Amino acid sequence: MVNKLITAGKILAPIILIGGIAGFLFAPPKQVGYAPEQPIPYNHQLHAGEYGIDCQYCHSGVTLGKKAGVPATNVCMNCHGGIVGAAKPDVKKLKSIYNSGKSPEWIRVHNLPDHVRFSHGPHIKALLKEGAPTKEACVACHGDIANMPVVTQVKSLNMGFCVNCHRNHRDEDVYKSKGVSVSCNVCHY
Amino acid sequence: MSQAKNAKTKFTQIFRSVEVESETDKRWEEAGEFPASVREIMQRGADAGLTRKNFMALMGASLSMAGLNCFKSPIEKIVPYVNRPVGHVPGIAKYYATVKANAVSVAPVLVKTREGKPLKIEGHDDHPLYRGAITGDTVATIWDLYDPDRVRAPQKKSGTAFAEIKWEEAVKTAVSALEKSTVYIGKTNFSPSENATIDRLVKASANRSRVVYDPTSSIGEALKGEKASYGTNVVPTYRFDTADLILSLEADLLGTWLQPELYTKQFSSKRDPLAGNMNRLIVAEANMSVTGSNADDRYALVSGSHISLALGLANLLLPGSALAGNAQVRKAVENYTASAVSASTGLTEKQIVSLAEELKKYKGRSLVVSGGASAAVDGNGISQVVANLLNTILGNDGKTLSSATPFYSGANITSDTEIKKVISDIAAGKIETVVIDRANPVYELEALGFQEALSKAKNVIFLGTHINDSAALSSLILPVSHYLESWSDAESNGYYYVGQPAIRTLFSTKSSLDILLSLLGDGQSANALVQSTSQRFNKAGWNALLARGFTESSKLNTGAGRTFNAAALSSVAANPPKAGGYKLSLYSSVALGDGSGANISFRQELPDPISKMTWGNYLAVSVADARANGWKMGKNVKITAEGKSIEAPVFVQPGLRKGSVAMAIGYGQKNLGQVGANIGVNAYSLASAKSGNMITAGIPVTVEDASGSSEMATTQKHYELARERGLVRSTTLQEFQKNPRAGHEHEEVPHGGKAKGLYTAHKYTPYQWNMNIDLSKCTGCSACVVSCYSENNIPVVGKDQVLVGREMSWMRIDRYYSYQNEDQAKADPDMVDPGVYFQPVMCQHCENAPCENVCPVGATGHSDDGLNYMSYNRCIGTRYCANDCPFKVRRFNYFEFWEGKLRDPEQFALNPDVTVRSRGVIEKCSFCQQRIAEKRQSAKIAGRQLSDGEIKTACQQACPADAIVFGNIQDKEAKVTKLKEDSRAYQLLAETNVKPAVSYMVKIRNQG
């Protein structure tokens, strides 16, 4: 067994290494354009765009703390529990999941690595203008979600993306007093 | 190591370890700070027959395979709530007030929960008495909840093995067993609901009886003594915050006795030298305890001779006191003259007389306490009786202690005579059913022959969380839920507490109250019973009670002085016993207590505050005895008491008088779980039963050499600072009042007189975090260390790794012994009376941090709020930073401790706000970065600045002594700023210009 492993290792190692380096050098950032298929094809363009439902109706944690939060399924039922869209197959599917006491298993689109800590609250607080719809504050990182039938990641959300914003805007009058920092420990701890 | 050698050649004022050569430090000494793991790995490779070439091929393959992982982001799922509970926001912690009550103490706590899972236990800041005080013991109970070794369902013994059964069947089996003649064996109990239910259960049939015992002799000893002295079944409330002089006779009030967290809070409230508010603590004890090490004056006694000292003091103080005319008292104490007491205790006559003189000065404002396993010399509560006698003579009763709102008024203790009768009834078959409720009499009552008797019982019903030594011999196990899964209540110090569940039961367990009620069969639930009991105490309504967790059932009251019943002294020996031979005292250790939580690895690895030992107990012996017998640290000895003997390694402990030996209880359990079984030896097996009572102090023993030696995983020599002078600074109150800069004599001056830096200073805005630690208040109790482990996901490494110095503790408490001057040191060659100092050391977050400059990858650096941070994802493990750290606070993560190593449900105890470090990185104290971030973010959301005291680090939150203050030094009004400017403040190694963010306050001892 050990000998087979070693032989396999000897053959595989150079192939993977060369392929790996090539991939690393030439592949585009994988995350941009990520638009996985969701268990229920929820349409942001319809809900947030056409019907103009504010982001915070569903993502109610966004001003409170770390997580914007995916809504509890009973929030969907506020409208779909009755006759709204009752005939549509996907709404039927949602209802049957809800009625079985479960929630759909959504696939995370904007997925930061585990060693990065991002808190929505302070960012929305700093970006959201008095009386404006929430989406204006979300656009900077998430793009124009209200016009996306399928949510797609549009920004790389890598460290450069975060740091650029923090570094380029921290001396502007609006943000000066907000304690914007580029210390590593703002996100990594 | 070098400074340890220095100590041999020249006098150093302060030293860390005893100069008795040790066998077991060698592994650590050879290895140095970073024991290379390469040698081990090479050995493993060679054992497996790997050649260098094959090794390279395998490594190359695995590296490139690891690279493959980077191409595809992991797919992560989000499963939201179906119905989100009202007021519950994912990612935001909620705190619930509840109470942890066990056999010996009550602790009001706040439970931090995230997404419905309890994460951390913290002190209850709003409680008027406790004010957030908590013990490490209580903090550690979070790991009890997630202990995979808990009993998960009712079990019935069939043959020699246990088989899981349904609850209905278990209850039915138990109820039918209870129809036979039954004894219900439990420990002291603070819960009014439980006590009433147990009483109902026991009184429902004439052939049932109840036994209540306390093997730690804390409440038990007090209850017996109170009964003898005053005829009451309560333990009084002690007010260390009103006493100007505290005399402790073997009571470890700051470590393990009754409510150490509350007593520490009260004690430290009177350790404020600047305001001139300083009490005096005098301790007379045989073993070196946490309390003794904090004493202003400590008298090392021969084991078990504290009774002689107390009676000697009573003899000297009697004339002119309230009891002067009492012939019975005079007769009991008259032979306890200073010279006779001197021969018994080992103290000089002068010491005894001057102690009496001093007590006389503090009449009505002093407090004498005694108790605990190391005080139980007769099993009848004599230590409490003599404390009561002294408090009556000094007029303290009703002033500094009171029974009007008692600490304990629960189930009454059963005398050893009655327990012996019950045991013989079980052995004779007169009692067929034995119910053991959350106790371990097989282990604890070994001296009384409990185990042999138990084998005669037909039915043994065990209620508990783990299969301990008693459960292993039972026929039916009813698993009890953790307190965080149960409804419960407690009454203590004039408060009524209600315990609410913070999570649904993880396993098929039931709360103790629910089990008792189901045995009664009246269908009531624990919740309903607690609600109805609470109405007796609570007027504010159920929800208000739940929100606070407690209610004042009666005003804390001092009451009037009681009349001491002199007949309580009738059992006192006419003459003080003579010293001679070896005398053994048992004691509860800070880490393990009574041993019921010994399956928690964090507890096993918590260094003892005094000896710094982890993973096991030992026989503490005096320096004089070690010298005389040529014992080295770790030498195995055989200890024999009344024909029973056990073997244990020797630990040479300064502060012990020749002939005194001591051993911790709680170790040496044969069953408990994967972690706790068979660690150390069972000290209870040496308890004396000759008199009919179980005696745990002053036991005459013989100690002989046994073969070989044992490895001692003590951390006392690990991570020493570069030098010893001027690190811990201390002075006396009298010196301090003359000179506010007293204690700084050993301050080093930088070369050339003024420290210069190479780098430009950092700019901080608007926050710069600093910490202040008051060494006058710190008692070394180690609650902070436990809290740090719990908050920061710090792994336990095990005995093998501690032996080579790889413990991961982010904060350690350095313990030093010292003498004031060379004469004093020469006068005490046997180190009976050294000064003891504690110094918590964590990352000092230096402004000019040496570690930051040497990191080749910029993984550690300085933030604009004054933190020295670690980015684990950048760290490549060169360990340059740790090498450069003058405080030795950086820890290298050698092995993978979490991934794949956790047993379900242990993972729930991990704090999701702190990165779980993998192997190969350096980690260290972050000043609880996650707590700072949380508060900072919520302040930003609210659009305000942080206020002083808003952020509390985990260590600060847990500190019962209020020794740790954390805050923003840029705020001129902040408490931490004021403290840093105080004349007592200093920084470690300040002359090197590293500018630590942690400052310490000179320790002040009050020499009277």
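These numbers come from a predicted model, not from an experiment. (Residues numbered from 1 in each chain as written. Chains lettered and ligands numbered in written order. Predicted model: local features only at pLDDT ≥ 70, side-chain atom pairs only at ≥ 80, totals over all residues.)

Remarks on the pairing of strand S24 (residues 582-588) of chain B
Residues and elements named next belong to chain B.
Step number 1: With seven of its seven residues buried, S24 lies for the most part within the structure.
Step number 2: Burial along S24 is two-sided: the residues Tyr582, Leu584, Leu586 and Ser588 and Lys583, Ser585 and Tyr587 are all buried.
Step number 3: Two strands pair when backbone bridges link them, and S24 and strand S29 (residues 699-709) are joined in this way by three bridges, in the antiparallel orientation. Within S29, the residue paired with leucine 584 across the bridge is isoleucine 699.
Step number 4: Bridging between S24 and strand S28 (residues 660-665) involves six bridges; their strand directions are parallel. (Buried ≥ 20, exposed ≤ 12 C-beta atoms within 10 Å, placed from the backbone. Helix = DSSP H or I, 4+ residues; strand = E, 2+ residues; numbered from the N terminus. Pairing = 2+ DSSP bridges.)

Brief notes about the interface of chain A and chain B
Step number 1: Counting residues at the interface gives 45 residues for chain A and 43 residues for chain B.
Step number 2: If one sorts the elements of the side of chain A that touches chain B by residue count, helix H1 (residues 2-26) of chain A sits on top with nine residues.
Step number 3: Grouping the constituent residues of the side of chain A that touches chain B by class yields 15 nonpolar, 21 polar and nine charged.
Step number 4: Inspection of the sheet shows strand S1 (residues 106-107) of chain A paired to strand S2 (residues 77-78) of chain B by two bridges, in the antiparallel sense. Counted as the bridge partner of tryptophan 106 of chain A is isoleucine 78 of chain B from S2 of chain B. (Contact = placed C-beta atoms within 7 Å. Nonpolar A, V, L, I, M, F, W, Y, C, P; charged D, E, K, R; others polar.)

Describing the packing of helix H6 (residues 120-127) of chain A against helix H31 (residues 929-942) of chain B
The axes of two packed helices give the description: the angle between them and the distance between them.
Step number 1: Look at H6 of chain A against H31 of chain B: their axes get within 8 Å of each other, and the N-to-C directions meet at 25°. Taken together, the axes of H6 of chain A and H31 of chain B lie roughly parallel to each other. At the point where H6 of chain A passes H31 of chain B, the crossing takes the left-handed sense. Contact residues: Gly121, Pro122 and Lys125 of chain A in H6 of chain A; Gln937, Lys940 and Ile941 of chain B in H31 of chain B.
Step number 2: For the contact of H6 of chain A with H31 of chain B, the class distribution of residues is two nonpolar, two polar and two charged. (Axes fitted to C-alpha atoms, helices over the stretch in contact; angles between N-to-C directions. Parallel < 35°, antiparallel > 145°, perpendicular 65-115°, else oblique. Left-handed = near helix turned anticlockwise from the far one by under 90°.)

Examining the sheet that holds strand S22 (residues 495-499) of chain B
Residues and elements named next belong to chain B.
Step number 1: Pairing in this open sheet of three strands is antiparallel, and the strands run S21-S22-S23 from one edge to the other. Two strands lie at the open edges of the sheet, namely strand S21 (488-492) and strand S23 (550-552), each paired on one side alone. Mean inter-strand twist for the sheet, computed between neighbouring axes without regard to direction, equals 15°.
Step number 2: In terms of strand pairing, S21 meets S22 through five bridges, oriented antiparallel.

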